[in-house]
Amino acid sequence: MITAYLTHPDCLLHHMGPDHPENPQRLEAIRARLSLSGLLQQTMQADAKEADEASLGRVHAKRHLNALTKCLPDEGIVPLDNDTFMNPDSLKAARLAAGAVIKGIDQVFKRQADNVFCAIRPPGHHAEAAEAMGFCFYNNIAVGAAYAKERYGAQRIAVLDFDVHQCNGTIDIFKNDPSVLICTSFQYPFYPWRYLRSEWQNVVNTPLEVGTEGPEFRRLIENQWLPALHRFKPDLVLISAGFDAHRDDPMGDICLTDEDFYWITHMAMEIATLYADNRLVSSLEGGYNPTSLASGVEAHLKALLGLPYAVAS
């Protein structure tokens, strides 16, 4: 497998305060771990480019884009809500995050790569059509999906989201869109406190009870996601890759391990191989313990590269 690794140094410039869990150290921890293991050197590395206004406007209301621009401070940090803040570089980083997914779409459709991992921040899956929330400004994976439909005529896009939080923003944007299937696993009941019921035919909600471990997680995914994916037969697979469902992450109470992240990535790749000519683009969402975030991404990347999962002795 040829795996592209997309990021940009300016994603590190966005920060929301010294004690905020969504901080630049997340990307630094990932890069250090992947470099040390040698995995990073096995990928095709490139910098992201900023998403343009037209790309963002396919999924976000004009008033939302304008409001974010008006809120951008010249200095310091300003709050958008209780947990989402902006500094002068936040929107540039957010445009690069969305632009990474767009570039990943280009790479898989142009056969420059089999799959892509976007090591970006801020995350995106909580951003709704007209609202920033949950550390998210633009919905990166939704921007990529809309671009794939517009640029390459993708007709059946599967979005697989295994964050500890449900992808309310992605659902808000694509609910009732028959060309997009959203499969989302999440701790329940938990933030974001909306869209948690399966009221739309194109959304597979998989709520996880507190303390859910790998075997039960895998059983639920196999029973709920796989039948829907085989019926849908996606021509593109997108992953919102959240690693805050790891047992060591402070954000939630789900008890997954690195091997579970490898397993679900491999499952997604099998779907992509069957129906989508291997086309798969993954974008980083949550994960707030630097150690478990980095090890989870390492397992994810091993699967994307087609390498076996091996436990260090």
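Our subject is the structure that appears above.
Remember, predicted model here, so these are calculated numbers, not experimental data. (Residues numbered from 1 in each chain as written. Predicted model: local features only at pLDDT ≥ 70, side-chain atom pairs only at ≥ 80, totals over all residues. Heavy atoms only, no water.)

**Points about the side chain of His20**
Of note, His20 is situated in the loop between β1 (3-7) and α1 (25-37). Filtering out sequence-adjacent residues up to four positions away, His20 remains in contact with Asp83, Phe85 and Phe135. (Helix = DSSP H or I, 4+ residues; strand = E, 2+ residues; numbered from the N terminus. Contact = heavy atoms within 4.5 Å.)

**Description of the packing of aromatic side chains**
Here the structure, examined in full by the defined rule, presents nine aromatic pairs. Ring centres of Phe135 and Tyr288 lie 5.7 Å apart, and the angle between their planes is 85 degrees; on these two criteria the pair is classed as edge-to-face. You can see Phe135 sitting in the loop between β5 (115-118) and α5 (140-152) and its partner Tyr288 sitting in the loop between β10 (280-284) and α9 (290-305), a full 153 residues away along the chain. You'll find Phe135 and Tyr288 in the same group, each marked buried. Ring centres of Phe162 and Phe243 lie 5.9 Å apart, and the angle between their planes is 80 degrees; this geometry places the pair in the edge-to-face category. Of the two residues, Phe162 is situated in the loop between β6 (157-161) and α6 (168-174) and Phe243 in the loop between β9 (236-241) and α8 (258-275); the sequence distance between them amounts to 81 residues. Of the two residues, Phe162 and Phe243, both sit in the buried class. Ring pairing ties together the aromatic residues Phe109, Tyr147 and Tyr152, which thus form one cluster. Just above the ring of Tyr152 sits the side chain of Arg151; from NZ or CZ to the centre is 4.8 Å. The ring of Tyr309 carries Lys302 above its face, with NZ or CZ at 5.6 Å from the centroid. (Phe/Tyr/Trp six-rings, centres within 6.5 Å; stacked < 30°, edge-to-face > 60°. Buried < 20%, exposed > 50% of the residue type's maximum accessible area, 1.4 Å probe, protein only. Lys NZ or Arg CZ within 6 Å of the ring centre and 35° of its normal.)

**Regarding unusual backbone geometry**
Pro122 follows Arg121 through a cis peptide bond whose omega is 5 degrees. Cis peptide bonds are those with omega within 30 degrees of zero, and the linkage from Tyr188 to Pro189 qualifies with -5 degrees. Among the secondary structure elements, Pro189 is positioned in the loop between β7 (180-187) and β8 (203-208). Unusually for a residue other than glycine, Asn176 sits at a positive phi of about 70 degrees.

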